[in-house]
Structures are given as structure tokens and as C-alpha cells.
Amino acid sequence: MYLDNIIVLGDPMIDIWCLSPGTESRPGGALNVFENLRFFTRDASSIFPEQAYLTINHPNRKQRSSKTFYKPLNRDVSASTIICSDYNKGFLTNSNATLRADLIIVDSKYCSLKRSLLNNCKIKILKHTQTDFLNTEFASLFDYIVLTDNENKVRCFLNGKLLKVFSVPKINDIETTVGAGDVFVATLAFYLHKLFDSQDLALLFTAIENAIYWSSESIRSEYTSNLNYI
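Residues numbered from 1 in each chain as written. Predicted model: local features only at pLDDT ≥ 70, side-chain atom pairs only at ≥ 80, totals over all residues. Heavy atoms only, no water.

Undergrad: Which residues make up the nonpolar core, and what values go with them?
TA: Ranked by size, the top nonpolar core spans 33 residues in total, and within it Ile125, Leu192, Leu204 and Ile208 carry the most contacts. Contributing elements (two or more residues each) for this core: strand 1 (2-10), helix 1 (29-40), strand 8 (99-108), strand 9 (120-129), strand 10 (144-148), strand 11 (154-158), helix 3 (180-192) and helix 4 (201-218). Sequence-distant contacts of Ile125, that is, excluding residues within four places in its chain, are made with Leu103, Ile104, Ile105, Val106, Phe142, Tyr144, Val146, Leu188, Leu192, Phe196 and Leu204. (Core = buried A, V, L, I, M, F, W, Y, C linked by side-chain atoms within 4.5 Å. Buried < 20%, exposed > 50% of the residue type's maximum accessible area, 1.4 Å probe, protein only. Helix = DSSP H or I, 4+ residues; strand = E, 2+ residues; numbered from the N terminus. Contact = heavy atoms within 4.5 Å.)

Right, here's the structure in full:
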């Protein structure tokens, strides 16, 4: 069945912030991408593991259970836009499913997404953070790479060639940058969904500029960056 909306796939997490005088929980990982996407639109859905979600303790980012791995995605997914938020927890790293999409946007922290999941997707965009490990073979599978560098400039590449460098606004009242990448991915998908045909670079650049703006705004929120809590 083909779905005409945005589908978020990946490793959901619950971020537990252990700060005095108590604790706060926030959506993390793929769950945070989905929650931020719903800030922009309700034309979105998610497919997550049917298991208890992995919990991460902050601010030290310690996993409550380092041996928690999700069962792999076991169903084919066909949609206009697919977001893959992969943290190498099994759901997308070990899956033999088939994904079909006009546009797929991938955020794979360890470049661990199963390569075959990209085979039937038309336009492929990799969002990657400068400080994370980048596998060049994995990166070569994508048409576009959007490389973020925390509060520094954002770079966009097409087939390995630098297209444009984007400035990032200076934010003085930063609460946390945890989860800002999730906001970036959600915003990018929202602005490109059903509009981007791989040739309209002006549209891509506008989407990146909006992703920079909203992810920068999100770091004003307490705990994990999320537009719904600003």
C-alpha cells in the first residue's frame, strides 16, 4: 500500500533528564523526529518497533540498558516521503524490508542503515553531523548530503560536489543541543515533501535554511530540543 504522507521509521528513544530536583522525560531518537514533524503537520505517521523503547539517561547520555536492540522492521513500506532515523539499534540495520519512496531522508548516526533499504528510493538525502563517523562508501549512495556542524556552518553537497555553504545564527540562550538534529531532519522533510524533484535547488536551499532556523530555535527549549516545548 502506497502512503501519500511522510513516514518516520527508526529507533525511538525516551530521554530521561536526571537533574535536581527531579527527572523529566522527553521523546528522543526517531520518536523526537516524529514529534517535531507533527509540530508542522499532521500529515505524518510512524512505524516503530513494537517493544518497550530504549531509555537514555541525560546529561551523561548513559543508556539504561546498553544491550537493548530492536527487532528488525519486517514489513515493506511505500510512501511519498520516508525519514529514516537510525541509531544502529537493529530496527533498520538488520531489516530485509523493501522501502519505496519518491524522497528518502536518512539520519544514520553510525552510517549503519541497511544499504538495501535505499535501492528503490528515487531521491536520496543524507543528513549527517560533522562530529559523527562518516563512511565514504555509505555517503556515496546518496544524491545529496547535508552536513551540519553543531553551531557552525551547514554545507550541502551533490554527488560529492559542494553546492552551497549556509550560515547558522548565533543563539545566546542555549539550553541544550541534544535533539537539534532531529528537528533539522523533521523540518527538511516537511519543506521538501511532494515538492522536490531533485532539480529545484532553490527549493532545497530554502528547506535547508528553514531547517537551520527551526533547529536553532529548538535549542532554546529545556531538555531534549523539541519545538513543541518552546
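Undergrad: Hey, could you go over the layout of surface pockets for me, with residue numbers and the actual values?
TA: Its volume calculated, the second largest pocket comes out at about 210 Å³. Along its surface, the second largest pocket is lined by Ile47, Phe48, Pro49, Glu50, Gln51, Lys71, Pro72, Leu73, Asn74, Arg75 and Phe91. Tallied by class, residues from the lining of the second largest pocket come to six nonpolar, two polar and three charged. (1 Å grid on protein atoms, 1.4 Å probe; cavity = no way out; pocket = protein on both sides within 12 Å on 5 of 7 lines; lining within 4 Å. Points joined across faces, edges and corners; volume = space filled by probe spheres on them. Nonpolar A, V, L, I, M, F, W, Y, C, P; charged D, E, K, R; others polar.)

Undergrad: Kindly report on the side chain of Asn5, identifying the contributing residues and their values.
TA: Looking at the element boundaries, Asn5 is found in strand 1. On the basis of relative accessible area, Asn5 is assigned to the buried category, the value being 14%. One polar contact links Asn5 to Ser45, side chain to side chain, over a distance of 3.5 Å. Once you skip the residues sitting within four places of it in the chain, Asn5 turns out to touch Asp43, Ala44, Ser45, Ala79, Ser80, Thr81 and His193. (Polar contact = N/O pair within 3.5 Å; in protein donor to acceptor, adjacent residues only side chain to side chain.)

Undergrad: Let's hear about the packing of aromatic side chains: which residues, and what values?
TA: Tallying each qualifying case throughout the model produces 13 aromatic pairs. Ring geometry for Phe48 and Tyr53: centres 6.4 Å apart, planes at 85 degrees, overall edge-to-face. Given a relative accessible area of 12%, Phe48 falls into the buried group. Overall, Tyr53 belongs to the partly exposed group, its relative accessible area being 31%. With centroids separated by 5.1 Å and ring planes inclined at 80 degrees, the aromatic side chains of Tyr213 and Trp214 adopt a geometry described as edge-to-face. Owing to a relative accessible area of 42%, Tyr213 belongs among the partly exposed residues under this scheme. (Phe/Tyr/Trp six-rings, centres within 6.5 Å; stacked < 30°, edge-to-face > 60°.)

Undergrad: Before we move on, could you go through the sheet that holds strand 7 (residues 77-86) and cite the residues and values that matter?
TA: Sheets are built from strands paired through backbone hydrogen bonds, the pairs being either parallel or antiparallel. Read across the sheet, eight strands follow the order 4-1-7-8-9-10-11-12 without closing on themselves; strand pairing throughout is mixed. Strands with a single pairing partner mark the edges of an open sheet, and in this sheet they are strand 4 (44-47) and strand 12 (161-166). When strand polarity is set aside, the average angle formed by the axes of neighbouring strands in this sheet is 20 degrees. Here four bridges tie strand 1 to strand 4, and the two strands are oriented parallel to one another. Bridge assignment links Ile7 to a residue of strand 4, and that residue is Ser45. Against the sheet, helix 1 engages strand 1, strand 4 and strand 7, with an angle of about 140 degrees to strand 1. Those strands touched by helix 3 are strand 1, strand 7, strand 8, strand 9, strand 10 and strand 11, and its axis lies near 155 degrees from that of strand 8. (Pairing = 2+ DSSP bridges. Axes fitted to C-alpha atoms, helices over the stretch in contact; angles between N-to-C directions.)

Undergrad: Hey, could you go over unusual backbone geometry for me, with residue numbers and the actual values?
TA: The phi dihedral of Cys111 is positive, around 55 degrees, even though this residue is not glycine. Note on placement: Cys111 falls in the loop between strand 8 and strand 9. On the accessibility criterion, Cys111 (4% relative accessible area) is buried. Not every positive phi belongs to a glycine, and Lys194 is a case in point at roughly 65 degrees. Mapped onto the secondary structure, Lys194 falls in the loop between helix 3 and helix 4.

Undergrad: Could you give me a rundown of the pattern of salt bridges, with the residues and numbers involved?
TA: Here the structure, examined in full by the defined rule, presents seven salt bridges. Here Asp4 and Lys194 are joined by a salt bridge, their closest N and O atoms 3.3 Å apart. With Asp4 in strand 1 and Lys194 in the loop between helix 3 and helix 4, this pair connects stretches of sequence that are 190 residues apart. Relative accessible area serves as the criterion here: at 43%, Asp4 is assigned to the partly exposed category. (Salt bridge = Lys/Arg side-chain N within 4 Å of Asp/Glu carboxyl O.)

Undergrad: If you had to explain the pairing of strand 12 to someone new, which residues and values would you point to?
TA: Two strands pair when backbone bridges link them, and strand 11 and strand 12 are joined in this way by five bridges, in the antiparallel orientation. The partner of Cys156 across the bridge, within strand 12, is Lys164. Here strand 11 hands over to strand 12 after two residues, with Asn159 in that stretch at a positive phi of 50 degrees.

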